[in-house]
2 protein chains.
Amino acid sequence: MTERLVVIGGDAAGMTAAATARRRVPADQLDVVAFEQGNYTSYSACGIPYLIGGLVPDVDALIARGPDEHRRRGVDARTGHQVLAIDTDRRRVLVRPSADGSESWEAFDQLVIATGSTPRRPALPGVDAAGIFGVQTLDDGLAVRAASDADDARHAVVVGGGYVGLELGEALVRRGLSVALVEAAPQPMSTLDPEMGALVADALRSVGVEVYVGERVEGFDTDDGQVTGVQTAARVLPADLVILGLGVEPNSGLARDAGIPVGESGGIAVDDHVRAGIDGIYAAGDCSESFHRVSRRPVVAALGTHANKQGRVAGINITGGDAVFPGVLGTAASKICKYEVARTGLNEREAAAAGFDAVAVSIDATTRAGYYPGAAPIRVRVVAERGTGRLLGAQIVGEEGAAKRVDVLAAAIWNDMTVDEVASMDLSYAPPFAPVWDPTLMAARRAAAALG
Amino acid sequence: MTERLVVIGGDAAGMTAAATARRRVPADQLDVVAFEQGNYTSYSACGIPYLIGGLVPDVDALIARGPDEHRRRGVDARTGHQVLAIDTDRRRVLVRPSADGSESWEAFDQLVIATGSTPRRPALPGVDAAGIFGVQTLDDGLAVRAASDADDARHAVVVGGGYVGLELGEALVRRGLSVALVEAAPQPMSTLDPEMGALVADALRSVGVEVYVGERVEGFDTDDGQVTGVQTAARVLPADLVILGLGVEPNSGLARDAGIPVGESGGIAVDDHVRAGIDGIYAAGDCSESFHRVSRRPVVAALGTHANKQGRVAGINITGGDAVFPGVLGTAASKICKYEVARTGLNEREAAAAGFDAVAVSIDATTRAGYYPGAAPIRVRVVAERGTGRLLGAQIVGEEGAAKRVDVLAAAIWNDMTVDEVASMDLSYAPPFAPVWDPTLMAARRAAAALG
């Protein structure tokens, strides 16, 4: 008998699950159908800032696999189809195509919930005005690009210093707008410790972004339903365009309404096989929780890397395999103007919140041997546990060649290494690539010394 | 009572040991004296090719700390002083200053042997002619630079495809010479599997190097004691200048003559505290053996990174500390023309020799997201053990941003991870830095699939 896999959500997690299942089981044994409310499937949401900034000229470049291609490969991908409800008892979902507004129930044997996340919209006066954008989907990105192209678009304001907002702010500078950033915290990028965030603020200023830190947005001026300004306690910033960079919320409401357990983080609760608590129902990507391997707590880690891996795990497990998603470290990277920025594990604040007695140290070094052309500044900060010496987290800000170094520290954290052990590791060296003590090793060594 | 630490060898290992000991114990408790037969201390031997190629204009840039600076910091650094013998019973070394040829015994309480290594010179007709250079010390490098500047210097031949020879070959192309490479193996860089070495050969050809592989050098033509050609079975290559790129031999003769144990690898045998078998005598750097963490065998791993770490371990242990050098993975990196080249762990041949039943797979990817400007080719090859799935080794050849990725695989090997575990790791991603599946993860995933 042919079974039916239904996937809700057509981007990284959902379509990876669909494609993985499709590859593993022939079509006469498994139908695979995917419902996507937007117009695109399997695209790089992380590439949107480069589309807006013009580094990527064409939207097609961001699309790894469109709906036609999915269909050619045996996945019935239906864009413009919103799923309104999940009926776990009768194992069916209620679907509404945007084309005609009709609704119908579609049966499933297995279900993958991959509904993604939505940018946070603060409950402030005027927040629903036109011109205020959260950017999560490719459709969102195209809307921002169009708005920034309007003849009278001059001033953009980014509200909140998360990495997506900062990348978009830089993109809008490239597009010729004047850009201001308003961040309630003392520094942008609160996933970093403040001294690292300060470097990011400097980089933003160096390309002309006005950076207002320690200021909370209190509302939006509007004119005829269109945003015209952003209010803080200290000023009103003119705004033809506002980007909300306050992070995202998992789209777990559909699951919650269906009685599928949602965790304290707000994401759909899953086990290490990405099973969502009801037999045959899986959740993957931004809408679901991940186990944080350092804090040992479930978190929502809304990143394309996890979405791809979790989707793959779902696709394997749905089709009789046994794959595990072993958790996350909170590794992330971003390019902000001249700086590459990366982090993994816990920062100082997060380490304290997770109950660790931690010490943090920073070192300044160069990306190449100091005498080699192109040697550029890099700062590495590591967080380690007192007593055990265990590496808990790391942050890197530096010029070209800086960010990817975080991976070796991520691998070290993954394996519960101490900073002393890290400092002994056999890493690659040649003058074009590193000083003889790689900056990551220097930082680990410094932390080991600080711990005694 | 003031004790006396004598260090033989004034580069990375020796001077790191000296400086570390100096920092930890005041001068009224410990004299530190270092004998160096050459003219320089604490320099970057790895930077020599860039000095010859002109990327680094000034020899001073390669010197981290000259003898005067060492003396200011309380280390009695004596350049131009050769140590002729070690008397372990009476705890003294026989020293000859090059200035006057006098010899004298110098007492020690602790001794660090850091005599480095010497490029292999094959026993072939004409090998001792002028113009045939092994390049290990800064003095060697300056000699090559001078020879390449001679008015009649037109043709250079690199004998052997090790990374130092290839870097020097590229440097001589930059200096305007025509360069040929002769390598007995089917591909240069025998530390890589052949398909990776073939990429390196392509890169060399692309800058005009004539590459002759599968040809063994049989002798050297000379004229009045000066090399004029390199003979192989197939041809005679004109040569005003020859670089020996056949690897190095540890300078362990001084130790061996003194009855200090030398291992099968030819390096001075040390334990994990870099103690050389006789109380108070340590060995560090290229002259000593290291424990290879994958093959579980002692090896000579002649690299600046190890020299620095081992010197530090010696300096700590000499002064009452307890530091360990936990071994090597054979990690190495080099820039060869357009390619960054890196490796860690065992290649296929080495894995077989170490008794592993191994499988190797390669993937081709890009250094950045495919749509991001500057995305460049990268090939990653991983070697894994059948049955256990353990990652045994990795090799990377690619354009800018490729080489340093080997570090995360080195960290994985260090921690005995399986390729399946590696593929699950939480590594950084952003379009300017990587595809959503980093090439290292792709390769691990492919290997996991190949292992079933």
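Here we summarise the structure given alongside this text. Everything numeric in this text was worked out from a predicted model, so none of it was measured.

Procedures and definitions
For every chain, the first residue of its written sequence is number 1, and the numbers climb from 1 along that sequence. Written order decides the labels, with chains lettered from A and ligands numbered from 1. Given that this is a predicted model, residues contribute local features only at a pLDDT of at least 70 and side-chain atom pairs are listed and counted only at 80 or more, while totals for whole chains, interfaces and linings are drawn from all residues. The side-chain numbers reported here are obtained from all heavy atoms of the structure, hydrogens and water having been left aside. Strands here mean DSSP runs of E at least two residues long; helices mean DSSP runs of H or I at least four residues long; both are numbered from the N terminus. With C-alpha atoms as the basis for the radius of gyration, the globule rule is written as 2.2 Å multiplied by the number of residues raised to the power 0.38. Note on exposure labels: buried denotes an accessible area under 20% of the residue type's maximum, exposed denotes more than 50%, and partly exposed covers the range between, all computed with a 1.4 Å probe on protein chains only. Any pair of residues with heavy atoms lying within 4.5 Å of one another is described as a contacting pair. The protein chains shown are the only cover counted for residues, whose accessible areas, like all others here, come from Shrake-Rupley with a 1.4 Å probe. How far a helix is expected to stretch is found by multiplying one less than its residue total by 1.5 Å. Summarising the geometry, the arc corresponds to the directions from the helix axis toward the C-beta atoms. Pairing between two strands requires that DSSP report at least two bridges joining them. Simply put, an axis is a line fit to the C-alpha atoms, just over the touching stretch for a helix, and the angle between two N-to-C directions goes from 0 to 180 degrees. If an angle is under 35 degrees, it is roughly parallel; if it is over 145, roughly antiparallel; if it lies from 65 to 115, roughly perpendicular; otherwise it is oblique. By the definition used in this description, the sense in which the near helix is turned from the far one sets the handedness, with an anticlockwise turn below a right angle giving left-handed and a clockwise turn giving right-handed. The residue classification treats Ala, Val, Leu, Ile, Met, Phe, Trp, Tyr, Cys and Pro as nonpolar and Asp, Glu, Lys and Arg as charged. All others, Gly included, are polar. Alignment of the copies relies on least squares applied to C-alpha atoms, considering only residues that score at least 70 for pLDDT in both. Here a polar contact is taken to be a pair of N or O atoms separated by no more than 3.5 Å, where protein atoms must pair a possible hydrogen donor with a possible acceptor and residues adjacent in sequence count only if both atoms sit in side chains. Here the quantity called buried area is the total loss of accessible area, with a 1.4 Å probe, experienced by two parts when brought into contact, counted for both. Any carboxyl oxygen of Asp or Glu that lies within 4 Å of a side-chain nitrogen of Lys or Arg is treated as forming a salt bridge with it. Put simply, a disulfide is two cysteine sulfurs that come within 2.5 Å.

A word on the overall build of chain A
Stage number 1. Scanning chain A for helices and strands turns up 12 helices and 25 strands.
Stage number 2. In summary, chain A has a C-alpha radius of gyration of 23 Å against a globular reference of 22 Å for 452 residues, a match within 12%.
Stage number 3. With the C-alpha coordinates aligned to their principal axes, the bounding extent of chain A is approximately 65 × 55 × 40 Å.
Stage number 4. Put simply, chain A has 452 residues, and 59% of those count as buried.
Stage number 5. A fraction of 63% describes how many contacts in chain A between residues 6 or more apart in sequence connect residues 24 or more apart.
Stage number 6. About 16,800 Å² of surface is accessible on chain A, with carbon and sulfur atoms providing 46% of the total.

Side note on helix H4 (residues 138-149) of chain A
All names here are of chain A.
Stage number 1. If you check H4, its first and last C-alpha atoms are 17 Å apart, about what 12 residues at 1.5 Å a residue would give, namely 16 Å.
Stage number 2. Three or more residues of H4 are buried, namely Leu138, Gly141, Val144 and Ser148. Taken around the axis of H4, the buried residues stretch over an arc of 115 degrees, which confines them to a single face.
Stage number 3. Elements that come into contact with the buried residues of H4 comprise helix H2 (48-53), strand E9 (132-134), helix H5 (163-174) and strand E16 (241-244).

Remarks on the pairing of strand E24 (residues 377-385) of chain A
For a regular strand, side chains alternate in direction, first toward one face of the sheet and then toward the other.
All names here are of chain A.
Stage number 1. Most of E24 is tucked away, with eight of its nine residues classed as buried.
Stage number 2. Relative to E24, strand E23 (residues 358-366) runs antiparallel, the two sharing nine bridges. Note on E24: the bridge partner recorded for alanine 365 is isoleucine 378.
Stage number 3. Judged from the seven bridges that link them, E24 and strand E25 (residues 391-398) form a sheet pairing that is antiparallel. Within E25, the residue paired with alanine 384 across the bridge is leucine 391.
Stage number 4. Once E24 ends, the chain turns through five residues before running back antiparallel as E25, passing glycine 387 with a positive phi of about 90 degrees.

Observations regarding unusual backbone geometry
Stage number 1. With a phi angle near 55 degrees, Val274(A) is a residue other than glycine that sits in the positive phi range.
Stage number 2. Judged by relative accessible area, Val274(A) falls into the buried class, the value being 2%.
Stage number 3. If you check the backbone angles, Met189(B) has positive phi at about 60 degrees while not being a glycine.
Stage number 4. Mapped onto the elements of the fold, Met189(B) is located in the loop between strand E11 (178-183) and helix H6 (194-206).
Stage number 5. According to the relative accessible area criterion, Met189(B) is buried, its value standing at 6%.

Quick notes on the packing of helix H10 (residues 406-414) of chain A against helix H10 (residues 406-414) of chain B
Packed helices, taken two at a time, are described by their axes: the angle between them and the distance between them.
Stage number 1. Two elements in contact, H10(A) and H10(B), have axes whose closest approach is 8 Å; the angle formed by their N-to-C orientations is 15 degrees. Compared by their axis directions, H10(A) and H10(B) come out roughly parallel. The way H10(A) lies across H10(B) gives a crossing that is right-handed. Contact residues: H10(A) offers Asp407(A), Val408(A) and Ala411(A), while H10(B) offers Asp407(B), Val408(B) and Ala411(B).
Stage number 2. The residue makeup of the contact of H10(A) with H10(B), split by class, is four nonpolar, no polar and two charged.

Concerning the sheet that holds strand E22 (residues 339-345) of chain A
All names here are of chain A.
Stage number 1. On the basis of which strands lie adjacent, the open sheet formed by five strands has the order E21-E22-E25-E24-E23 and antiparallel pairing. Each edge of the open sheet is held by one strand with a lone partner, namely strand E21 (332-336) and E23. Averaged over all neighbouring strand pairs, the angle between strand axes comes to 15 degrees, with direction disregarded.
Stage number 2. Along the sheet, H10 makes contact with E22, E24 and E25, crossing E25 at roughly 175 degrees.

Here we look at the relation of the copies chain B and chain A
Stage number 1. Note on the identical chains: chain B maps onto chain A by a rotation of 180 degrees and an axial translation of 0.0 Å, with an RMSD of 0.0 Å. What we have between these two chains is a two-fold relation. The C-alpha atom lying nearest the rotation axis in chain B is that of Val408(B); the distance is 2.2 Å.
Stage number 2. Both copies share a contact surface, since 100% of the interface residues of chain B are interface residues in chain A too.

Observations regarding the environment of Glu103(A)
Residues and elements named next belong to chain A.
Stage number 1. Structurally, glutamate 103 can be placed in the loop between strand E5 (92-97) and strand E6 (104-107).
Stage number 2. A relative accessible area of 44% means that glutamate 103 is categorised as partly exposed.
Stage number 3. In sequence terms glutamate 103 and histidine 81 are 22 residues apart; their C-alpha atoms lie 9.8 Å from each other.
Stage number 4. Apart from the residues within four sequence positions on either side, glutamate 103 is in contact with Leu84, Leu94, Val95 and Arg96.
Stage number 5. Separated by 3.5 Å, the side chains of glutamate 103 and arginine 96 make a polar contact.

With respect to the side chain of Glu215(A)
All names here are of chain A.
Stage number 1. Relative to the helices and strands, glutamate 215 is located in the loop between strand E12 (210-213) and strand E13 (217-223).
Stage number 2. Residue classification places glutamate 215 among the buried positions, given a relative accessible area of 12%.
Stage number 3. Side-chain polar atoms of glutamate 215 contact the side chain of arginine 235, separated by 2.5 Å.
Stage number 4. If near-sequence neighbours (up to four positions away) are discounted, glutamate 215 is found in contact with Val182, Glu183, Ala184, Thr232, Ala234 and Arg235.

Quick word on H6(B)
Structural remark: α-helix, 3.6 residues per turn; residues separated by three or four positions point the same way.
Residues and elements named next belong to chain B.
Stage number 1. If you check H6, its first and last C-alpha atoms are 18 Å apart, about what 13 residues at 1.5 Å a residue would give, namely 18 Å.
Stage number 2. Looking at H6, one finds that the buried residues are Met196, Gly197, Leu199, Val200, Ala201, Ala203 and Leu204.
Stage number 3. After H6 finishes, the residue glycine 208 shows a positive phi value of roughly 100 degrees.

Examining the interface of chain B and chain A
Stage number 1. Residue-level contacts link 58 residues of chain B with 58 residues of chain A.
Stage number 2. In this assembly, chain B packs against chain A so that about 4,900 Å² is buried in total across both faces, 65% of it on carbon and sulfur atoms.
Stage number 3. Of all residues in chain B, the largest losses of buried area upon contact with chain A belong to Tyr371(B), Asp426(B) and Phe433(B), amounting jointly to 16% of the total for that side.
Stage number 4. For the pair chain B and chain A, the interface holds four salt bridges.
Stage number 5. Linking chain B to chain A there are 20 residue pairs in polar contact (both at pLDDT 80 or more).
Stage number 6. Counting residues per element, the ones that place at least two in the side of chain B that touches chain A are helix H8 (304-318), strand E21 (332-336), H10, helix H11 (419-424) and helix H12 (439-451) of chain B.
Stage number 7. Looking at side-chain class alone, the side of chain B that touches chain A contains 34 nonpolar, 12 polar and 12 charged residues.

Remarks on the sheet that holds E12(A)
Residues and elements named next belong to chain A.
Stage number 1. Strand order in this open sheet of five strands is E9-E16-E10-E11-E12, and the pairing throughout is parallel. Only two strands of the sheet have a single partner each, and these edge strands are E9 and E12. On average, each strand axis in the sheet is inclined to that of its neighbour by 20 degrees, with strand direction left out of account.
Stage number 2. Both strand E11 (residues 178-183) and E12 contribute to a ladder of four bridges, which runs parallel.

Some points on the side chain of His306(B)
Stage number 1. Considering the arrangement of structural elements, one finds His306(B) in helix H8.
Stage number 2. When near neighbours in sequence (up to four residues on either side) are disregarded, His306(B) contacts Asp426(A), Ala301(B), Gly311(B), Phe325(B) and Val328(B).

Observations concerning the environment of Gly311(A)
Residue and element names in this part refer to chain A.
Stage number 1. With respect to the helices, strands and loops of the structure, glycine 311 is situated in helix H8 (residues 304-318).
Stage number 2. Taking the C-alpha atoms as reference, glycine 311 lies 12 Å from leucine 111; in sequence the two are 200 residues apart.
Stage number 3. Setting aside residues no more than four positions away along its own chain, glycine 311 makes contact with Ala13, Thr16, Ala17, Ala284 and His306.

Examining the state of the cysteines
Stage number 1. Within this structure, the stated rule accounts for zero disulfides over all chains.
Stage number 2. This cysteine, Cys337(A), is not joined by any disulfide, and Cys46(A) carries the nearest cysteine sulfur, 18 Å off.
Stage number 3. Taking the relative accessible area as the measure of exposure, Cys337(A) reaches 5% and is therefore buried.
Stage number 4. The thiol sulfur of Cys287(B) is not disulfide-bonded, and the nearest other cysteine sulfur, from Cys46(B), lies at 16 Å.
Stage number 5. For Cys287(B), a relative accessible area of 0% puts it in the buried group.

Examining the pattern of salt bridges
Stage number 1. The tally for this structure, following the rule as stated, stands at 52 salt bridges over all chains.
Stage number 2. Ionic pairing is found between Glu69(B) and Arg72(B), a salt bridge with its closest N-O pair at 2.8 Å. Pair noted here: Glu69(B) and Arg72(B) are both in helix H3 (residues 67-72), with a separation of three residues, about one helical turn.
Stage number 3. On the basis of relative accessible area, Arg72(B) is assigned to the exposed category, the value being 63%.
Stage number 4. Notably, a salt bridge pairs Glu195(B) with Arg379(B), separated by 3.4 Å at the nearest N-O pair. In this pair, Glu195(B) is assigned in helix H6 and Arg379(B) in strand E24 (residues 377-385), connecting sequence segments 184 residues apart.
Stage number 5. The class for Glu195(B) is partly exposed, based on a relative accessible area of 30%.
Stage number 6. A single network of salt bridges, built from pairs that share partners, joins Asp193(A), Glu195(A), Glu348(A), Asp364(A), Arg379(A) and Arg381(A).

Limitation: the analysis is restricted to geometry and does not speak to function.
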